[in-house]
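Each chain, written out:
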Amino acid sequence: MKRSRFSEDQIIGILKEHEAGVSVAESCRKHGVSDASIYKRKAKFGGMEVSEASG
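A quick note: this is a predicted structure, and the numbers were derived from the prediction, not measured.

**Quick word on the pattern of salt bridges**
Scanning all chains against the criterion turns up two salt bridges. Lysine 30 is the partner of glutamate 17 in a salt bridge, and the nearest nitrogen-oxygen pair spans 3.2 Å. On the criterion of sequence distance, the pair formed by glutamate 17 in helix α1 (residues 8–19) and lysine 30 in helix α2 (residues 24–31) is long-range, its members being 13 residues apart. Take glutamate 17: its relative accessible area is 23%, and that puts it in the partly exposed class. The class of lysine 30 is exposed, set by a relative accessible area of 55%.

**Quick word on empty space enclosed by the protein**
Tallied over the entire structure, the rule returns one cavity of 30 Å³ or more. By volume, the largest cavity amounts to about 30 Å³. Around the largest cavity sit Ile12, Leu15, Lys16, Glu19, Phe45, Gly47 and Met48, which together line it. Here the element with the most residues in the lining of the largest cavity is α1; it accounts for four residues. Grouping the amino acids of the lining of the largest cavity by side-chain chemistry returns four nonpolar, one polar and two charged.

**Concerning the side chain of serine 27**
Structurally, serine 27 is set in helix α2. If we skip the residues at most four places from it in the chain, serine 27 touches Glu17, Val22, Gly32 and Ile38.

About the thresholds
- Residues numbered from 1 in each chain as written.
- Predicted model: local features only at pLDDT ≥ 70, side-chain atom pairs only at ≥ 80, totals over all residues.
- Heavy atoms only, no water.
- Salt bridge = Lys/Arg side-chain N within 4 Å of Asp/Glu carboxyl O.
- Helix = DSSP H or I, 4+ residues; strand = E, 2+ residues; numbered from the N terminus.
- Buried < 20%, exposed > 50% of the residue type's maximum accessible area, 1.4 Å probe, protein only.
- 1 Å grid on protein atoms, 1.4 Å probe; cavity = no way out; pocket = protein on both sides within 12 Å on 5 of 7 lines; lining within 4 Å.
- Points joined across faces, edges and corners; volume = space filled by probe spheres on them.
- Nonpolar A, V, L, I, M, F, W, Y, C, P; charged D, E, K, R; others polar.
- Contact = heavy atoms within 4.5 Å.

So yeah, pure geometry; function would need other evidence.
So this is what it looks like as structure tokens:
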């Protein structure tokens, strides 16, 4: 199984940016990921807090 470049904490941070109003395109450019990755991670991690993912 391929290991992710980003930890769960980092992914949740990226999603928090998006929730705060940063566009998906802007997040993609800033973090070097595709828009599909953002939406896929949002489906998996959306609404989570960092403490929930780590535990």
